[in-house]
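Structural characterization, general
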Amino acid sequence: MPLAPPGRGQPLDWPLAPIITDPTRMTHALNAALAALDGIILGKQPQLRLAMTCLLARGHLLIEDIPGVGKTTLALALARVLGLDFQRVQFTSDLLPADILGVSIFEASTAAFRFHRGPVFAQMVLADEVNRASPKTQSALLEAMEERQVTVEGETRALPDPFFVIATQNPAQQIGVFALPESQLDRFLMRLSLGYPPVAAERALLMERERRDLLAELSPSLHPPELLDLQRASREVRTAPALIDYILALLRATREHAGLRQGLSPRAGLALRRAAQAHALIEGRSAVIPEDVQAVFVPCVAHRLMPAAEADGGAPRAEEILAAVAIP
Amino acid sequence: MSDYLPHHALLRLLAVLALVIAPHLLRLPLWESLAVAALLGWRALASARQWALPPQALKLLLASVAFLAVYQFYGRVTGQNAGIALLVLMLSLKLTEMRSRRDVMVVVFLMYFLLVTHFLYSQELWTVLYLLTSSVAITSVLIDAHHPGEPLPLRQSWRMGGVMILQSLPLMLLFFILFPRIPGPLWGLPTDAGPTRSGLSDSMSPGDISQLILSEEVAFRVSFDTRPPPPEQLYWRGPVFTSFNGRTWTASSEDLKRRIPAEIEVLGGEVRYDLTLEPMRSRWLLALDMPDPRRLPDKARVDRNGALVLDRPLIERRQIQGRSFTRYRLDAQADAALLDQDMEYPPWSNPRTQALARQWREQGLDPPRIIDAALRMFREQEFVYTLEPPLLGRHSVDDFLFETRRGFCEHYTSAFVLLMRAADLPARVVTGYQGMEANRFGDYYVVRQSDAHAWAEVWLADRGWVRVDPTAAVSPERIERGARELFEGVRATSGLFGAYTDWRERALMTWDWVNAYWNGWVLGYGPEVQQLFLSFFGLDSVRNMLLALTAGITLVLLWIGAGAFGRAQAPATTERALLLWQRAGRRLARIGYVQRADEGPRDFVERVREREPALEAALDTLLDTYLRLRYAGEQDRALEIRLAAAIKHLRRPRP
């Protein structure tokens, strides 16, 4: 196509060469999945996109919100459109690790112990109100998330692949909760909050049928093998040296900031890169651009930033750091 | 019909093809030029209107007709002229089946080949400049052919083509200097040789030299190692004619057969010079009177009449290191039998001239007096030296001496020699050049065809052959100032030449100087010059030349390879992309859009695009190419060029 002088001719908008083997089908399926989610969770497109990004980056998601804004619905909808089997665990203070991981029970008929898998063996696990459980139970889940395997009674068992945990917690409730320690928060790739829906979306929500009924009608747009392909592809998305420089500059800014107790860890840097790659893939690009980093920076980083005790002006928010760092 | 090349890329190809064929059109028959033009025009229309290309049978028919037409016209299909006519025609016919990428490549490479054939006709500096331009143009088509669907802007592909041709120069120079030369002209063809050049011929009749004098062509250039001789001694000796048929002087056939050289005794006045002789397809070499017989140019000998002659006609430019002596004695002890033939003339012709000479003889005049009598006649009677003499009848010398009395050097010389012979003195006609013109820019002189001259030699006992120039008797200025200056007025009035203003003369001199170097160093770079030049570097054998050539090519390739390796190592593409992006930023800042430090390129471009819909296309290209180059790791010069081109459009459109 020739270069048309400005004002005439059509815009020269060709997509960057995708690197997925079957690009049209894959992006099509991704878009279909996102559209289906959008039909369930109304008016929350950015969050849905980020949740999908988190999933493609093989990370786990922490949703921090008040009850009733659709956390569970989101998890269910995600599981359905991606064709994943789903387990939900309601965390309470008396929940034991075995309740999550599973337990070996002696069976009289075979005269042997047989392992009964816990809910964590599902491809998608919703850990509802994760901060209500005891630290011991919390760490059992978080270790499983990190290792992608569980060791019960000396025997190691692999968790399924794909494996995706969505944990929710309610920040407003402070009584009888065990707040997740910082080291555990680091295990979540992203933290999102859904918030109240916009008015128009809430109107539609009230007028339409029950979400649960709609969920039941949802058919999968992707299947686990394709999801794995997409996760692999996301790791192949090119991150140019200039972008690595950008991520490094962002990390340094948090480390040098007086308002923060400590800067971001290298693991946070890796998380940022992985999330940016997945974001680029969702946008149909074969290379990360600065906007990808910016899109994932706040959800990836906000829950890892610890305000300094003596910080007077208050801790900087992730957005402020983003605005303060120049793109190299 | 779907063409590999989009319409305007195809138009570019057709334009370049026309450029490449154009110089041949002057030499091709009219019907062929028309056919070529028709084919080019048809192809352009076919591409615009999406016409189908002709079927196989029609193409076969067209090719056969073209073949037969060339054969009909030239009587052959090989050889220089017919071969090129066929090539041009077939290349144009190839357009009728040019569809795929492969066809385009064939046409492009045939164009390169056709380009070379121009050298068969001319190797002037102009030709070389034209061909260099054309080769850049062809290369730009080649570049277009590699960007199907979206050819680069014309200026970019030309620039890229130019750079590529420049990059090939080192290899070209290496081959030119080091590849062993074979004797013979670089671009000569054995059969149907090129056009004849004007120059001295093998005979002289009235009007021959006055025709020659109208030509501004260079005969030779000369530079002197010693002081140049004064004008009255600047006689450049060429063919000598001893046989007269009443009208025309020719070399005697016996002289040509006999290989006894004239006896030259040198007395003094040594002149050493370097002479670059243009190829005039003549066997005669020119030398200042008289050449040193002990130091003759290679492959040349002195003939019986003291002229330098080659075994074969000169078809390539030749450099001669000459040594001459202006004081000499020529054939002082000549054989009387040999001299007899220098006194012959047809007894039936020019009776009045014969009678006059007989009268002088009967008066008992000795030879010097006879010579003097003839010269006095020219001087004292009303003889006029003119470029436009009247036509002469059967007895041409009689007519000239007693009727018209208007003539040019050949008339005077012819009449004088006949008078001498009729008076029983051995005499002959010498042709050559007289005078020269200094080039103020180079330390050399130019002798043109307009300096052609004819004079006489008379044999006197004990003194040998003595030069007598009857023209000098009539018009001494001719010898002192040169014919060119003398006939300035004639040329101006005859309308052949404009007045020589100062600037024009200077331009001509400069051009001649450039050409002299071109001829001397480029076209004259034959086996001898190559050997001489390369022996400075110790490369005196073919084996050493080839070794040096191989080493040179290896070095050039290594250098190119190292460059490519360096480029692969350094993140040069992304650096350049960033520089271009900053340039784009400066342009956008000028119309009020500044990118924030934390603003990503896409966000920035989208912000501008919302406000400036007119820039949409340029902004999209800018963003796309920049992201590809800087972040997607694409290493494509074409993308950079596109990016640079998009930047040029980033200005607020005028209302």
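Bringing the pattern of salt bridges into the picture now. As enumerated under the stated definition, the model contains 43 salt bridges over all chains in all. Between R304(A) and D186(A) there is a salt bridge, with its nearest N and O atoms 2.6 Å apart. Placement of R304(A) in the loop between α12 (290–301) and β11 (306–307) and of D186(A) in the loop between α6 (182–185) and β9 (190–192) is noted, with a sequence separation of 118 residues between them. Residue R304(A) is classed as buried on the basis of its relative accessible area of 9%. Since its relative accessible area comes to 16%, D186(A) is described here as buried. Note that R323(B) is salt-bridged to D292(B), the shortest N-O span being 3.0 Å. Taken as a pair, R323(B) in strand β11 (residues 318–330) and D292(B) in the loop between β8 (287–288) and β9 (300–302) lie far apart in primary sequence, 31 residues in all.

All names here are of chain A. Taken in spatial order, the five strands line up as β2-β5-β8-β1-β9 in an open sheet, and their pairing is parallel. The two strands at the open ends of the sheet, each matched to only one other strand, are β2 (86–90) and β9. Across the sheet, the mean angle from the axis of one strand to that of its neighbour is 20 degrees, orientation sign disregarded. One ladder, built from four bridges, connects strand β5 (residues 124–128) with strand β8 (residues 164–169); its direction is parallel. Each bridged residue has a counterpart across the sheet, and for V125 the counterpart in β8 is V165.

The next thing to look at is the confidence of the model for chain B. In the predicted model, chain B carries a mean pLDDT of 82, and the fraction of residues at 70 or more is 90%. Contacts for the low-pLDDT stretch residues 189–196 of chain B, under 50 throughout, to residues beyond four places or in other chains number 11 contacts.

Low-pLDDT portions of the prediction should not be read for the details of their coordinates. The pLDDT averaged across chain A works out to 81; a share of 89% of its residues lies at or above 70. Considering only residues more than four positions removed or in separate chains, one finds that residues 1–21 of chain A, a stretch of pLDDT under 50, has 50 contacts.

Within the largest apolar cluster, 102 residues are counted, with the highest numbers of intra-cluster contacts made by L78(A) and Y631(B). Looking at this core, the element that brings in the most residues is helix α11 (residues 266–282) of chain A, giving nine residues. If we ignore the near neighbours within four places in the chain, the residues touching Y631(B) are R238(A), A240(A), A242(A), L243(A), A287(A), V288(A), I289(A), P290(A), I327(A), P328(A), P601(B) and Y626(B). In terms of nonpolar packing, the next biggest core, distinct from the first, is built from 80 residues, I213(B), Y328(B), L375(B) and V458(B) among them.

What follows concerns the pairing of strand β18 (residues 464–468) of chain B. Remark: a regular strand shows side chains that alternate across the two faces of the sheet. Residue and element names in this part refer to chain B. The buried fraction of β18 is high, at four of five residues. Judged from the five bridges that link them, strand β17 (residues 452–460) and β18 form a sheet pairing that is antiparallel. Pairing of E457 across the sheet is with R467, part of β18. Hairpin connection of β17 to β18: three residues between the antiparallel strands, including D462 at a positive phi of 70 degrees.

About the thresholds
- Residues numbered from 1 in each chain as written.
- Chains lettered and ligands numbered in written order.
- Predicted model: local features only at pLDDT ≥ 70, side-chain atom pairs only at ≥ 80, totals over all residues.
- Heavy atoms only, no water.
- Salt bridge = Lys/Arg side-chain N within 4 Å of Asp/Glu carboxyl O.
- Helix = DSSP H or I, 4+ residues; strand = E, 2+ residues; numbered from the N terminus.
- Buried < 20%, exposed > 50% of the residue type's maximum accessible area, 1.4 Å probe, protein only.
- Pairing = 2+ DSSP bridges.
- Axes fitted to C-alpha atoms, helices over the stretch in contact; angles between N-to-C directions.
- pLDDT = per-residue confidence, 0-100.
- Contact = heavy atoms within 4.5 Å.
- Core = buried A, V, L, I, M, F, W, Y, C linked by side-chain atoms within 4.5 Å.

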